[in-house]
Amino acid sequence: MRAMILKTIRMSGVVLGKIKQAANGLEGLDALKDEWIDLVFLDINMPVMGGEEMILRMKENELTRDIPVVVVSTEGSSTRIEMVESLGARFIHKPFSPETIRDVIMDVTGLEVTHGGGL
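Once a new chain begins, its residue numbering starts again from 1 and follows that chain's sequence as written. Selection of residues for local features in this predicted model requires a pLDDT of at least 70, selection of side-chain atom pairs for listing and counting requires 80 or more, and totals for whole chains, interfaces and linings are taken over all residues. Water and hydrogen atoms were dropped before computing side-chain values, which therefore reflect all heavy atoms in the structure.

### Here's the deal with the nonpolar core
Turning to step 1, where the next piece is worked out: Side-chain atoms within 4.5 Å link the members of a nonpolar core, which is a set of buried Ala, Val, Leu, Ile, Met, Phe, Trp, Tyr and Cys residues. Accessibility here uses a 1.4 Å probe with only protein chains present; expressed as a share of the type maximum, an area under 20% marks a residue as buried, one over 50% as exposed, and anything in between as partly exposed. Counting residues in hydrophobic clusters, the biggest one holds 19 residues, and the most contacted among them are Val40, Met54 and Val71.
Turning to step 2, where the next piece is worked out: By definition, any uninterrupted DSSP run of H or I lasting at least four residues is a helix, any uninterrupted run of E lasting at least two residues is a strand, and each is numbered from the N terminus. At the level of secondary structure, the elements contributing two or more residues to this core comprise helix H2 (25-34), strand E1 (40-42), helix H3 (51-60), strand E2 (69-73) and helix H4 (78-86).
Turning to step 3, where the next piece is worked out: Tallying contributions element by element places H3 first for this core, with 3 residues.
Turning to step 4, where the next piece is worked out: Pairs of residues are marked as contacts when any of their non-hydrogen atoms sit within 4.5 Å. Beyond its immediate stretch of four places on either side in the chain, valine 71 contacts Leu42, Asp43, Ile44, Ile55, Val84, Ala89, Arg90, Phe91 and Ile92.
Turning to step 5, where the next piece is worked out: One finds Ile5, Ile9, Ile101 and Val104 within the second-largest nonpolar core, a separate group that totals 11 residues.

### Re the side chain of glutamate 52
Turning to step 1, where the next piece is worked out: Relative to the helices and strands, glutamate 52 resides in helix H3.
Turning to step 2, where the next piece is worked out: Classification of glutamate 52 as buried rests on a relative accessible area of 18%.
Turning to step 3, where the next piece is worked out: Excluding anything up to four places from it in sequence, glutamate 52 contacts Ile44, Arg80, Met83, Val84 and Leu87.

### Some words on H2
Turning to step 1, where the next piece is worked out: Buried within H2 we find Gly25, Gly28, Leu29, Ala31 and Leu32. Within H2, the buried residues cover an arc of 155 degrees as seen down the axis, which keeps them to one side. In H2, the exposed residues that point more than 90 degrees away from the buried face are Lys33 and Asp34.
Turning to step 2, where the next piece is worked out: On its buried side, H2 packs onto E1 and H3.
Turning to step 3, where the next piece is worked out: Any N or O atom pair separated by 3.5 Å or less is treated as a polar contact, with the protein-specific requirement of one donor-capable and one acceptor-capable atom, and with residues adjacent in sequence counted only for side-chain atom pairs. Measuring from the backbone nitrogen of leucine 26 back to the side-chain oxygen at the start of H2 gives 3.0 Å, which picks out asparagine 24 as the cap. The arc in question is the one spanned by the directions pointing from the helix axis to the C-beta atoms.

### Examining the sheet that holds E1
Turning to step 1, where the next piece is worked out: Read across the sheet, 3 strands follow the order E1-E2-E3 without closing on themselves; strand pairing throughout is parallel. At either margin of the open sheet sits one strand with a lone partner, and together these are E1 and strand E3 (90-93). Between one strand axis and the next, the sheet turns by 20 degrees as a mean value, whatever way the strands run.
Turning to step 2, where the next piece is worked out: Here the rule is simple: two strands pair whenever DSSP picks up at least two bridges between them. As paired elements, E2 and E3 share 4 bridges and run parallel to each other. Bridge pairing in E3 links valine 70 to arginine 90.
Turning to step 3, where the next piece is worked out: In the packing of H3 onto the sheet, the strands contacted are E1 and E2, and the crossing angle to E1 comes to about 155 degrees. Helix axes use the C-alpha atoms of the stretch in contact, all axes being lines fitted to C-alpha atoms, and the angles between their N-to-C directions lie in the range 0 to 180 degrees.

Right, dumping it as C-alpha cells:
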C-alpha cells in the first residue's frame, strides 16, 4: 500500500522531497526524530503501534504535534474514523483515487501541483 500511495503522489504532480517509510507506528515515530517531516501518511491498523496511538504520541510532542497527518485505511468504523479526525487527521478510505490523494495533500499542506502529472 505504501508503494501505491507513493506512486499515486508522484503521478499527481505534487513535488516530492525525501520520502521516509516505516512498517509500523513505532518505526514511524522513530523516523520523525531523525529530521523534519512535512506530511505523514499512516493506517489505523498497523502492527506494533496503531495509527491512533501514533497520532496521540505525535500530539504529545511539541516538535511533531503540528505535522499534518493523513490516514489511509479500509477502516469502516465511524467511531474510529471520527476519533482520528478529532485528532486533526484527514481520512481517506481505501480504495482511493489519485485525485483524492492529490487534493488532500494540497489541502493539508497548501502545496500546488507544478505540472499536469498523470491524472
